Amino acid sequence: MLTAGGIKISLASNQVWVQGREVELTGIEYRILRLLMETPQKIFSTQNIYESVWGEPYFYISNGTVMVHIRKLRVKIEADPQNPRYLKTVWGKGYRFEAALNEEKSYVAE
């Protein structure tokens, strides 16, 4: 299980819970969330995300693909997608997963 700030991911079953309620994610959304949660605070460029999740070479037009999936993921896991708590944009660099310092953090592989 990966757990941070109210989000839990079951690595065995690919299930995701936010604040105790199960959230249905697409395969791409799940892989993006897992990638970001496995290394919290690390900034992933859109190229890093695209090549890691899609397993294909990155082209500039892939930026839009990543942005659309991040936006859809935020709608599903964030209380306020316009002011994300977990999936932060680092302008000019990419995205990172962030949990507040006082929130539970546990990164344990199943």
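Placed above this text is the structure.
All figures in this text were calculated on a predicted structure; none of them were measured in a lab. (Residues numbered from 1 in each chain as written. Predicted model: local features only at pLDDT ≥ 70, side-chain atom pairs only at ≥ 80, totals over all residues. Heavy atoms only, no water.)

A. Expanded view of unusual backbone geometry. For Asn14, which is not glycine, the phi dihedral falls at a positive 60°. Tracing the chain through its elements places Asn14 in the loop between strand E2 (7-10) and strand E3 (15-18). On the accessibility criterion, Asn14 (47% relative accessible area) is partly exposed. Within the chain, Gln41 stands out as a residue other than glycine whose phi angle is a positive 75°. (Helix = DSSP H or I, 4+ residues; strand = E, 2+ residues; numbered from the N terminus. Buried < 20%, exposed > 50% of the residue type's maximum accessible area, 1.4 Å probe, protein only.)

B. How the structure looks around the packing of aromatic side chains. Evaluation of the coordinates by the stated rule reveals 3 aromatic pairs. A ring pair is formed by Tyr86 and Phe97, whose centres lie 5.7 Å apart and whose planes are at 5°; its orientation type is stacked. On the criterion of sequence distance, the pair formed by Tyr86 in the loop between helix H3 (62-77) and strand E5 (87-90) and Phe97 in strand E6 (residues 94-97) is long-range, its members being 11 residues apart. Overall, Tyr86 belongs to the buried group, its relative accessible area being 2%. Connected via pairs of aromatic rings, a cluster forms that spans Tyr50, Trp54 and Tyr58. (Phe/Tyr/Trp six-rings, centres within 6.5 Å; stacked < 30°, edge-to-face > 60°.)

C. Focus on helix H2 (residues 46-54). Taken residue by residue, H2 has Thr46, Ile49, Tyr50 and Val53 as its buried positions. Angular distribution of buried residues about the axis of H2 spans 95°; they occupy a single face of the element. The inward-facing, buried residues of H2 contact helix H1 (27-38), H3 and E6. One or two residues past the end of H2 sits Gly55, with phi positive at roughly 70°. (Arc of directions from axis to C-beta. Contact = heavy atoms within 4.5 Å.)

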